[in-house]
Amino acid sequence: MTALEFGYKIENLTTSLKPYALKLTKDGEDANDLLQETVFKAYSNRDKFQAGTNLKAWMYTIMRNTFITNYQRMVRRNTFIDTTENNHFINSTSSVIENKVYGDFVMKDIKSAIDSLKDMYKVPFTLYFRGFKYHEIAEKLDIPIGTVKNRIHIARKELKRGLKVYAN
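Cut-offs used in this document
Residues numbered from 1 in each chain as written. Predicted model: local features only at pLDDT ≥ 70, side-chain atom pairs only at ≥ 80, totals over all residues. Heavy atoms only, no water. Helix = DSSP H or I, 4+ residues; strand = E, 2+ residues; numbered from the N terminus. Buried < 20%, exposed > 50% of the residue type's maximum accessible area, 1.4 Å probe, protein only. Contact = heavy atoms within 4.5 Å. Areas by Shrake-Rupley, 256 points an atom, 1.4 Å probe, with all protein chains shown as cover. Axes fitted to C-alpha atoms, helices over the stretch in contact; angles between N-to-C directions. Parallel < 35°, antiparallel > 145°, perpendicular 65-115°, else oblique. Left-handed = near helix turned anticlockwise from the far one by under 90°. Nonpolar A, V, L, I, M, F, W, Y, C, P; charged D, E, K, R; others polar. Phe/Tyr/Trp six-rings, centres within 6.5 Å; stacked < 30°, edge-to-face > 60°. 1 Å grid on protein atoms, 1.4 Å probe; cavity = no way out; pocket = protein on both sides within 12 Å on 5 of 7 lines; lining within 4 Å. Points joined across faces, edges and corners; volume = space filled by probe spheres on them.

**Q** Describe the overall build of the chain, listing the residues and the values that go with them.
**A** Scanning the chain for helices and strands turns up seven helices and two strands. Within the span of the chain, comprising 168 residues, buried residues form 21% of the whole. The long-range share in the chain, meaning contacts at least 24 apart out of those at least 6 apart in sequence, stands at 52%. Total accessible area on the chain stands at roughly 12,800 Å², and carbon and sulfur atoms take up 55% of it.

**Q** With reference to specific residues and values, describe the packing of helix H1 (residues 3-25) against helix H3 (residues 55-78).
**A** Packing of H1 against H3 brings their axes to within 9 Å, and their N-to-C directions diverge by 45°. Overall, the two elements H1 and H3 adopt an arrangement that is oblique. H1 and H3 meet at a crossing whose hand is right-handed. Seen from H1, the contacting residues are Phe6, Lys9, Ile10, Leu13, Ser16, Leu17, Tyr20, Ala21, Leu24 and Thr25; seen from H3, they are Leu55, Lys56, Trp58, Met59, Tyr60, Met63, Arg64 and Phe67. Here the residues of the contact of H1 with H3 sort into 13 nonpolar, two polar and three charged.

**Q** Describe the packing of helix H5 (residues 119-129) against helix H6 (residues 134-141), with residues and values.
**A** At a minimum axis distance of 10 Å, the contact between H5 and H6 shows a crossing angle of 135°. When the axis of H5 is compared with that of H6, the two are oblique. The element H5 and its partner H6 pack so that their crossing is right-handed. Residues Val123, Pro124, Leu127 and Tyr128 of H5 form the contact with H6, whose own contacting residues are Tyr134, Ile137, Lys140 and Leu141. Classifying every residue of the contact of H5 with H6 gives seven nonpolar, no polar and one charged.

**Q** Outline the environment of Ala113, listing residues and values.
**A** One can find Ala113 in helix H4 (residues 100-115). Judged by relative accessible area, Ala113 falls into the buried class, the value being 12%. For the pair Ala113 and Leu159, spaced 46 residues apart in the sequence, the C-alpha separation amounts to 6.2 Å. If near-sequence neighbours (up to four positions away) are discounted, Ala113 is found in contact with Leu159 and Leu163.

**Q** Talk me through unusual backbone geometry; I want residue IDs and the actual numbers.
**A** Comment: phi is negative for the bulk of residues other than glycine, and the bulk of peptide bonds are trans. Of note, Lys26 is a non-glycine position whose phi angle comes to about 60°, a positive value. Following the sequence through the fold, Lys26 ends up in the loop between H1 and helix H2 (28-44).

**Q** Please give an account of the packing of aromatic side chains that cites residues and values.
**A** In total, this model carries eight aromatic pairs according to the counting rule given. Seen in terms of ring centroids, Phe49 and Trp58 are 5.2 Å apart; in terms of plane orientation they differ by 50°. Their pairing is tilted. Between Phe67 and Tyr71, the ring centres sit 6.4 Å apart and the planes meet at 25°, which makes this aromatic pair stacked. Here Phe67 and its partner Tyr71 are both found in helix H3, four residues apart, which amounts to about one turn of the helix. Judged by its relative accessible area of 22%, Phe67 is partly exposed.

**Q** Go over the environment of Thr38 with me, naming the residues and quoting the values.
**A** The residue Thr38 is located in helix H2 in this model. For the pair formed by Thr38 and Asn65, sequence separation is 27 residues and the distance between their alpha carbons is 9.3 Å.

**Q** Requested: an account of the layout of surface pockets, with residues and values cited.
**A** Any empty space left between atoms is shown by rolling a water-sized probe over those atoms. Estimates place the volume of the largest pocket at around 280 Å³. Around the largest pocket sit Thr25, Asp30, Asp33, Leu34, Glu37, Phe67, Asn70, Tyr71, Arg73, Met74 and Arg77, which together line it. At the level of elements, H2 and H3 are the ones that each hand at least two residues to the lining of the largest pocket. Considering every element that reaches the lining of the largest pocket, the biggest residue donor is H3, with six residues. Reported here for the second largest pocket is a volume of approximately 210 Å³. Lining of the second largest pocket is provided by Met107, Ile110, Lys111, Ile114, Asp115, Lys122, Phe125, Thr126, Phe129, Arg130 and Leu159. For the lining of the second largest pocket, the elements supplying multiple residues, two or more each, are H4 and H5. The dominant element in the lining of the second largest pocket, judged by the number of residues it contributes, is H4, at five residues. Grouping the constituent residues of the lining of the second largest pocket by class yields six nonpolar, one polar and four charged.

Here it is, written out as structure tokens:
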């Protein structure tokens, strides 16, 4: 297969590779970068492709491996080694030390903000906060699922307004 034929076949596959790239990266720009890198790697390694095999599967494999490699590189870049005696790996770029008293004040304010909600908003929000799904809350309270979503949304807005001092 000539380089021109190979390039044409790869170009025809890019439309089916784009959704897979979006699925992996969850971002349009990153998906375009991944697709471009995949096409580049496939074209530069075209001598390793065996005629008669599945080009589409080969391209998907290149894309998946490229994504995994880039992800591992990003994780490594954000990991640093603590050079103290114990040699711990810490996956955080910032350390946070909080005073327990401050946390207690915040929790009291959050609890009082939730308690100040009307019951029609507080009950669905509390159930959702505890991990119930929308449909479970709707069944339990015997109200439509849209009403559940609306009440939770309103509760969040009210809490956001009431806890504005804690916004960053």
